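# Structural features, examined
Listed here are the chains, written in short residue letters.
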Amino acid sequence: MKLYRLRLGALILTLPLGILAAPLAAEAQQAGKVPRIGWLVTFSPDVPRGRAALDTFRQGLRDLGYVEGKNIVIEYRWAEGRVERFPALAAELARLKVDVIVAGTTAAALAAKHVTMTIPIVVAVMQDPVGDGLVQSLARPGGNITGLTLLGPELVPKRVQLLKEAVPGVSRVAALWHPAAVGERTMRHMVKEMEVAARTLGVQLQLLEARSPKDFDRAFSAMTRERADALIVLPSPMFYAEHKRIVDLAANSRRPAIYAFREAVDAGGFMAYVVNISDLLRRAATYVDKILKGAKPADLPVEQPTKFEFIINLKTAKTLGLTIPQSILIRADQVIE
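Residues numbered from 1 in each chain as written. Predicted model: local features only at pLDDT ≥ 70, side-chain atom pairs only at ≥ 80, totals over all residues. Heavy atoms only, no water.

### Notes on helix α6 (residues 184-200)
Its 17 residues place the ends of α6 25 Å apart at the C-alpha level, agreeing with the 24 Å of an ideal helix rising 1.5 Å per residue. Of all the residues in α6, the buried ones are Thr186, Met187, Met190, Val191, Met194, Ala197 and Ala198. Down the axis, α6 shows its buried residues gathered within 135 degrees of arc, on one side only. For α6, the exposed residues set more than 90 degrees away from the buried face come down to Glu184, Arg185, Arg188, Lys192, Arg199 and Thr200. Packed against the buried residues of α6 are α5 (152-166), β6 (172-177), β7 (204-209) and β8 (230-233). Positive backbone phi, at 70 degrees, marks glycine 202, one or two positions downstream of α6. (Helix = DSSP H or I, 4+ residues; strand = E, 2+ residues; numbered from the N terminus. Expected span 1.5 Å × (residues − 1). Buried < 20%, exposed > 50% of the residue type's maximum accessible area, 1.4 Å probe, protein only. Arc of directions from axis to C-beta. Contact = heavy atoms within 4.5 Å.)

### Some words on the packing of helix α2 (residues 48-63) against helix α11 (residues 277-292)
How two helices pack is summed up by the angle between their axes together with the distance between the axes. Closest axis-to-axis distance for the α2/α11 pair is 8 Å, and the angle between their directions is 40 degrees. Taken together, the axes of α2 and α11 are oblique relative to one another. For the element pair α2 and α11, the recorded crossing hand is right-handed. Contacts from Arg49, Ala53, Thr56, Phe57, Gly60 and Leu61 of α2 reach α11 at Ile277, Ser278, Leu281, Arg282, Ala284, Ala285 and Val288. When the residues that make up the contact of α2 with α11 are grouped by side-chain class, the tally is eight nonpolar, three polar and two charged. (Axes fitted to C-alpha atoms, helices over the stretch in contact; angles between N-to-C directions. Parallel < 35°, antiparallel > 145°, perpendicular 65-115°, else oblique. Left-handed = near helix turned anticlockwise from the far one by under 90°. Nonpolar A, V, L, I, M, F, W, Y, C, P; charged D, E, K, R; others polar.)

### Side note on the sheet that holds strand β10 (residues 271-275)
With respect to topology, seven strands assemble into an open sheet ordered β7-β6-β8-β9-β10-β11-β12, the strand pairing being mixed. The sheet terminates laterally at β7 and β12 (334-336), the two strands that pair on one side only. Neighbour to neighbour, the strand axes of the sheet diverge by 20 degrees on average, direction disregarded. As defined by bridge partners, β6 adjoins β8 across four bridges and the pair is classed as parallel. In the sheet register, leucine 176 faces β8, and the bridge partner there is valine 233. Taken strand by strand, α5 contacts β6, β8, β9 (257-259), β10 and β11 (308-313), and its axis lies near 155 degrees from that of β10. Along the sheet, helix α9 (residues 243-252) contacts β6, β8 and β9; its crossing angle with β9, the most-contacted strand, is approximately 165 degrees. (Pairing = 2+ DSSP bridges.)

### What to know about α11
Helix length check: α11, at 16 residues, gives a terminal C-alpha distance of 23 Å against a target of 22 Å (1.5 Å per residue), a fit within 8%. Considered for burial, the residues of α11 that qualify are Asp279, Leu280, Leu281, Arg283, Ala284, Ala285, Tyr287, Val288, Asp289 and Ile291. Buried residues along α11 sit in contact with β1 (36-41), α2, β3 (100-103), β4 (121-126), β5 (145-149) and β10. Among the residues of α11, the N-terminal cap falls to asparagine 276, whose side-chain oxygen and the backbone nitrogen of serine 278 are separated by 3.2 Å. At the exit of α11 stands glycine 294, carrying a positive phi of roughly 115 degrees. (Polar contact = N/O pair within 3.5 Å; in protein donor to acceptor, adjacent residues only side chain to side chain.)

### Some points on unusual backbone geometry
Trans is the common state for peptide bonds, and a negative phi is the common state for residues other than glycine. Phi angles above zero are rare outside glycine, and lysine 97 is one such case at about 55 degrees. Position of lysine 97 among the secondary structure elements: in the loop between α3 (86-95) and β3. Judged by relative accessible area, lysine 97 falls into the exposed class, the value being 65%. Despite not being glycine, arginine 254 has its phi angle at roughly 55 degrees, a positive value. Summarising the element assignment, arginine 254 is placed in the loop between α9 and β9.

Quick look at the structure:
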């Protein structure tokens, strides 16, 4: 009888311990789970911009204590420059149930938004997050999306102004634009801002639509026919992928051009005024860190850029017979000679 009572007492004592052990074991298992990030971008590491973007983001994660393959896993999906691939790639990441999706652009973010309303989405480069319907407001995103904005429409007037200041004699400017580059509302906003800036500066604007690289020759022929003095190239992943060809066409037409990506100037283009993309990608890593630690995208304000770059290719200017005013040269972050 005494032995029975001892065994019964031991059983009663071990029951609470067993009940407590279950959630502790589950918690330990959860703590041991390695988070997975979905990387949904336009270009693969085979393209210089794709490699630079990935390296910068990885470094941002390392600075926060994440080591790929050790305490973080990245599922890679890239569209190889074809934005129409984003919906299928986003759906793959959603099926994998990754912990957070990092979308490189507005187009990638829209595709991810279409396939999931629960997986957090961090967008590294948004043109116009409110206008494109990604967030309710910059201060309170309100859904499963947050990240950083490029201020796309707001930068276009600045490019018109810089082009006019660098080449004061310009009176007619052609604008190469890709209607499907961003959301329809954002593109309308971008074009409207550009038109207002041109009127303010006393410049006539000629819109040149290009929906694919096949339209480039026609667009440049129209620019020559209408005797435009210079060119502004609006933001577009397609234009970036084809920037070397656009630079060559501008050079053949002997017209100065200002671009939305610095790689065009490295390739021989005249000027570029851009947001520092590396800074945005590093800051995107901090969003991922906060979300993995329990923050909700709806409560993380969308950040605006703080670092901009103005690059001038002086060698190209000399080839075009242009003398750049000193007031412009001293404002450049980099002058290529």
